[in-house]
Structures are given as structure tokens and as C-alpha cells.
Amino acid sequence: MFKRGTCFPIKIHALHIVNQPWIFDIVYNIFKPFLDERMKERIFFHGEDMESLHQHIDPKHLPERYGGIHQDYSYMDWIEYFENDPQILWELESLGYKDDKIDENIKKNKSNISE
């Protein structure tokens, strides 16, 4: 949807990869030499083994699809909400993201946007 990336200030404590296809392992091994040791220690591959994931993350914090207790939600609901919120669209535009839907909604909702 969006054509340009931006920085996202976040500290990664751990990265858990689940249900990865075999090609992901190959691609990871190509990029692995470029990671520092601290980052390598923070990446965990679980495949389809949810018990392995549960050793790191309690199931009470996970959706059902990962062996947790919470209802699974559609990501499309979340994306549609952002696509229809004029303030969020304006902020994305100000960060340099370009998209026809952003431009269209900004023009349509200009009076609802606080700059």
C-alpha cells in the first residue's frame, strides 16, 4: 500500500518467527552474517512448534492461532480503520508515505485534520 519506509524507534528484545516457510531459513542464513551477536541471540525460530513459543511467551498473551487463549482478530479491520482515519492518513502523508487513498481521504476530510 505505502511506497516509502521510515524509521520506527523501537528496541527489539526478541523476535519470534513462527510458521516460517523453508525459504525463510535460506534467506535468513544469507543475512545472518550481517547481524551482530546480540541480535542473533534475540531471534528465535519456532516453525509450527507452539510449545517452543510458549517457553518464551505465556499463552495467556497470545491469540488462538498461536496456541493462546485470545480470540483471533482480522488484520483487515485494523488496516481499514487506519485507512479511514483522516488524522492518521495526514500523519502518514507528513512522514512521506504516498498513496492514492491517503491523498483522496486527506482532500475529502481536510476539515477533520488537526495540523
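My aim in this report is to walk through the structure given alongside it, one point at a time.

The rules behind each value
- Residues numbered from 1 in each chain as written.
- Predicted model: local features only at pLDDT ≥ 70, side-chain atom pairs only at ≥ 80, totals over all residues.
- Heavy atoms only, no water.
- Helix = DSSP H or I, 4+ residues; strand = E, 2+ residues; numbered from the N terminus.
- Buried < 20%, exposed > 50% of the residue type's maximum accessible area, 1.4 Å probe, protein only.
- Areas by Shrake-Rupley, 256 points an atom, 1.4 Å probe, with all protein chains shown as cover.
- Contact = heavy atoms within 4.5 Å.
- Phe/Tyr/Trp six-rings, centres within 6.5 Å; stacked < 30°, edge-to-face > 60°.
- Salt bridge = Lys/Arg side-chain N within 4 Å of Asp/Glu carboxyl O.

Right, let's get into the overall build of the chain. In terms of helices and strands, the chain carries six helices and two strands. Beginning at the N terminus, the succession of helices and strands in the chain can be written as β-α-α-β-α-α-α-α. By the burial criterion, 23% of the 115 residues in the chain qualify as buried. Approximately 9100 Å² of the chain is accessible, and the part contributed by carbon and sulfur atoms is 56%.

Turning our eyes to something else, we now look at the environment of F82. Residue placement: F82 occurs in helix α4 (residues 75-83). What makes F82 partly exposed here is its relative accessible area of 28%. With ten residues separating them along the chain, F82 and L92 place their C-alpha atoms 9.9 Å apart. Discounting chain neighbours no more than four positions away, the residues touching F82 are I88 and L89.

Taken as a whole and assessed by the stated rule, the structure comprises four aromatic pairs. Ring geometry for W78 against F82: centres 4.9 Å apart, planes inclined by 75 degrees, an arrangement best described as edge-to-face. Here the residue W78 and the residue F82 both occupy positions in helix α4, the gap between them amounting to four residues, near one helical turn. Residue class for W78 comes out exposed when judged on its relative accessible area of 52%.

If charged atoms from side chains of opposite charge come close, those side chains can pair. Under the counting rule described, the total for this entry stands at two salt bridges. Here R65 ties to D72 by a salt bridge, and the two come within 3.5 Å at their closest N and O atoms. Assessed through its relative accessible area of 36%, R65 is described here as partly exposed. Using a relative accessible area of 29% as the deciding quantity, one classes D72 as partly exposed.

This paragraph deals with the environment of Y28. Note that Y28 resides in helix α1 (residues 22-31). In contact with Y28, not counting residues within four places along its chain, are L35, K40, I43 and F45.

A positive phi is found at N19, a non-glycine position, where the angle reads about 55 degrees. You can call N19 partly exposed: its relative accessible area is 45%.

Among the structural elements, D25 can be located in helix α1. For D25, a relative accessible area of 31% gives the class partly exposed. Along the sequence, D25 and F45 sit 20 residues apart, while their C-alpha atoms lie 9.1 Å from each other. Apart from the residues lying within four places of it in its own chain, the contact partners of D25 are Q20 and F45.

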